[in-house]
Amino acid sequence: MSILTVSNLGKSYRSYNSQFKRVVSWFGLPVKPAEEHWVLHDISFSINPGESVGLVGQNGAGKSTLLKMITGTLPPTKGTIQVNGRIAAILELGMGFNPEFTGRQNALHGLSMMGYSQGQIDQVMPELEAFAEIGEYFDQPVRTYSSGMQMRVAFGVATAFRPEILIVDEALSVGDTYFQHKSFDRIKQFQEQGTSLLLVSHDRSAIQAVCDRAILLENGYVIKDDEPEAVMDFYNALIAEKENSTVTQTKTEDGKVKTSSGTGQAKTKQVGLYNSKNQLAEIIAVGETVQLRVLVEVFEDLGSLVLGYGIKDRLGQVIFGTNTWHTKQILHNVKAGEIHLFTIEFPANFGAGSYSIQTALVDKDTHLTANYEWVDRAVVFNVANIDKNHFAGLLWQEPEIKIDRVSE
Amino acid sequence: MFKAVWQYRYFILSSIKNDFKARFVRSKIGGLWLILHPLAMVLIYALILSALLKAKLPDVDTIYAYPIYLTAGILAWTIFSESVSRSLTIFVDNGNLIKKVAFPKLVLPIITFGTVALNSLVLLVAIFIVFAFLGHFPGVQALWLPVLFGVTLVFGMSIGLILGVLNVFIRDIGQIVPVILQFGFWLTPIVYTITIIPEAHQHWFDYNPMTHIAGWFQDVLLYNRTIDVFALLKFIGASMLLLVLGLFMFKKAAPEMVDQL
């Protein structure tokens, strides 16, 4: 039983030549709108209890419109939204706060605006006050608050009752670090109790760390609904997409998705990771010196060519990445037909686990100006702890531990 | 529609309370301002016009007849114009709230209704206190006041709701209506009596609904006259029709409203 089902949802804005025609249309007279502008088309997805879903997309892709329709402030033009439970949105914290009233009065008013009764509100008020941790200020006018204090009360109000679906905008990253952690704890706690999360963010690491799934919106369509890493790789390729650039995703043997994109003016012919015995390797020992060899073929004359690479952990977070722009080894004026071999040697100082390598062929230090080719999961390898003592984490760091007895 | 509103009854109460409190949360004499504004208005007109109009007020023996007449009319007008002008901008003023928070929009006119009703009651109490100082105690006809209050409120709110809905789409309405209200005030026998108008033209005033309402307020507060119940019933019927029209337009416009705010 899903907690939120969105089916064939569409939204259009109608404009009329004259507003009088709009008024006439309410009374059932047949007046055609001058223009119908569709901003969302045929959106369908569902969210299960406890699932957390990331919503990504470029500005203007339709994320806010979709969220407004899910929260119920905007009516859909077609399609349906079925919600089984209560939705709370942390979008605009502190909406409708009156600066002249105290935190308590505003909290009370804010909760009543969400449709709760006096009795329900009285029950959660002590907990809300404790959560906000602003002491005596809770009974002072809000105009005397710092913005951080206002945030605390507002967040407390938004999350005073556990909703079935919590919508969190990236604007959440406000307030001091301590309170950020506290808010995140509360969100996680809700999640454990079965709340589904809908997180809107451009932040790759936040989406990949928190979400089980991600939905990518582009020009009002859902173009990707998959596990976060695959979607974020696709999104990354998309924001660099220019004319005559293509994005392709293929399933690899391990069931993961390999994403490649770019204009194709230069391409990687071969990418391989070699171990210390000069063999193509899939399993690497912790600390072993390895070589990443990338064979690049150039198809068009290029002003500059930069190779970038990044090593990603199991969750798809880049743990190390650099490029030949930063190492000042930019190739200038490369001609069509040239083939270059890049050999990158480094010690595999990683913790045991699965890793992947992404490669990028670009013109400068980012892939946003020209993206010749970008490949995610070009190489997948495993690191095994063969000869080191047991350790935890992603990083291998040879320790030297000295113990001195300082008293009898 | 109405069931959803019932769930938000605490929000409605809280909003009315807050609106009332916000008016004097930082002023020294607080609620007195609610009374001082209309009283100042009465005082000004009374000082300027009373000598002029004294002779024209028939069958009233108190020397304060004119100020009382004036106060009755201004009370009626204040209830009406406040209902209209507040409803006129409810959707536009609360645009941000409507766009960001999901709640039944019908709650907003209900809050306005409550706020205006509360303010008018406070004003009425103040007026009775002033009347007592002047040695004037309205007679038994004053029992009509609750009905008159209700009619004026519903009439004003219905017009306000219709205009408020239209104002979302045609913002000029928000500019025109206050001007029309200004004219309306002077086209209603409030500071003057209908008797100063040449008899041949008096019938034109019948087309102004506020002439009737102001007249009833003056009847019960000053003259202690019975009011024309049949006319009142007709008026109630018309107000109800307007209210239904307003609610109908609101229901039709609601889905498109958010797009325009």
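Since the structure is predicted, the reported quantities are computational estimates derived from the model, not experimental observations.

## Description of the overall build of chain A
Item 1. The secondary structure content of chain A amounts to eight helices and 20 strands.
Item 2. Expressed as lengths along the three principal axes of its C-alpha atoms, the size of chain A is roughly 85 × 75 × 40 Å.
Item 3. Across the 408 residues in chain A, those meeting the buried criterion constitute 46%.
Item 4. The long-range share in chain A, meaning contacts at least 24 apart out of those at least 6 apart in sequence, stands at 71%.
Item 5. Within the structure as shown, chain A displays about 20,100 Å² of accessible surface, and the carbon and sulfur contribution to it stands at 50%.
Item 6. Side-chain charges of chain A comprise 36 positive and 47 negative groups, with the mean position of each set lying 4 Å from the other.

## Topic: the pairing of strand β20 (residues 371–384) of chain A
Residue and element names in this part refer to chain A.
Item 1. With 11 of 14 residues buried, β20 is to be regarded as a mostly interior element.
Item 2. Relative to β20, strand β11 (residues 257–262) runs antiparallel, the two being bridged by two bridges. Looking at the pairing, S260 lines up with V375 of β20.
Item 3. Relative to β20, strand β13 (residues 283–285) runs parallel, the two being bridged by three bridges.

## Concerning the sheet that holds strand β6 (residues 165–169) of chain A
Residue and element names in this part refer to chain A.
Item 1. Overall, mixed pairing links the six strands, which are arranged β5-β6-β7-β3-β8-β9 in an open sheet. Every interior strand has two partners, whereas the edge strands, β5 (87–90) and β9 (221–226), have only one. Across the sheet, the mean angle from the axis of one strand to that of its neighbour is 20 degrees, orientation sign disregarded.
Item 2. Here β5 runs beside β6; their pairing, made up of four bridges, is parallel. Paired with A88 across the strands is L166, a residue of β6.

## Side note on the interface of chain A and chain B
Item 1. In this complex, chain A contributes 33 residues to the contact, which on the side of chain B involves 33 residues.
Item 2. When chain A packs against chain B, close to 3,000 Å² is buried across both sides, 65% of that on carbon and sulfur atoms.
Item 3. Counting across the chain A and chain B interface gives five residue pairs in polar contact (both at pLDDT 80 or more).
Item 4. Elements supplying a minimum of two residues to the side of chain A that touches chain B: β1 (4–15), α1 (19–26), α2 (63–71) and α3 (103–113) of chain A.
Item 5. Per element, the largest residue contribution to the side of chain A that touches chain B is five residues, and it comes from α1 of chain A.
Item 6. Classifying every residue of the side of chain A that touches chain B gives 13 nonpolar, 12 polar and eight charged.

## Remarks on the nonpolar core
Item 1. Ranked by internal contacts, the top residues of the largest apolar core, which has 105 residues, are F45 and L66 of chain A together with L75, F91, F103, V191 and F217 of chain B.
Item 2. Beyond its immediate sequence surroundings of up to four residues, L66 of chain A is in contact with L9, L40, I43, F45, L55 and L217 of chain A.
Item 3. Judged by nonpolar contacts, the second largest core, of 33 residues, contains L273, F342, F346 and L361 of chain A.

## Observations concerning the confidence of the model for chain B
Item 1. On average, residues of chain B carry a pLDDT of 85, and 93% of them reach 70 or more.
Item 2. In the predicted complex, the global pTM is 0.73; the interface-specific ipTM is 0.77.

## Notes on the environment of P38 of chain B
Item 1. With respect to the secondary-structure elements, P38 of chain B resides in helix α3 (residues 32–53).
Item 2. Sequence separation of P38 of chain B and L75 of chain B is 37 residues, and the distance between their C-alpha atoms is 8.3 Å.

## Let's talk about the side chain of N119 of chain B
Item 1. Inspection of the secondary structure assignment puts N119 of chain B in helix α7 (residues 107–133).
Item 2. Of the polar contacts made by the side chain of N119 of chain B, one reaches the side chain of E82 of chain B; its length is 3.1 Å.

## Let's talk about the sheet that holds β1 of chain A
All names here are of chain A.
Item 1. What the three strands build is an open sheet, ordered β2-β1-β4; its pairing is antiparallel. Unpaired on one side and paired on the other, β2 (35–47) and β4 (78–83) mark the two borders of the sheet. Strand after strand, the sheet turns through a mean of 25 degrees between neighbouring axes, direction not considered.

Cut-off values and rules
- Residues numbered from 1 in each chain as written.
- Chains lettered and ligands numbered in written order.
- Predicted model: local features only at pLDDT ≥ 70, side-chain atom pairs only at ≥ 80, totals over all residues.
- Heavy atoms only, no water.
- Helix = DSSP H or I, 4+ residues; strand = E, 2+ residues; numbered from the N terminus.
- Buried < 20%, exposed > 50% of the residue type's maximum accessible area, 1.4 Å probe, protein only.
- Contact = heavy atoms within 4.5 Å.
- Areas by Shrake-Rupley, 256 points an atom, 1.4 Å probe, with all protein chains shown as cover.
- Lys, Arg positive; Asp, Glu negative; His and termini not counted.
- Charge placed at Lys NZ, Arg CZ, Asp CG, Glu CD.
- Pairing = 2+ DSSP bridges.
- Axes fitted to C-alpha atoms, helices over the stretch in contact; angles between N-to-C directions.
- Buried area = accessible area lost by both parts, 1.4 Å probe.
- Polar contact = N/O pair within 3.5 Å; in protein donor to acceptor, adjacent residues only side chain to side chain.
- Nonpolar A, V, L, I, M, F, W, Y, C, P; charged D, E, K, R; others polar.
- Core = buried A, V, L, I, M, F, W, Y, C linked by side-chain atoms within 4.5 Å.
- pLDDT = per-residue confidence, 0-100.

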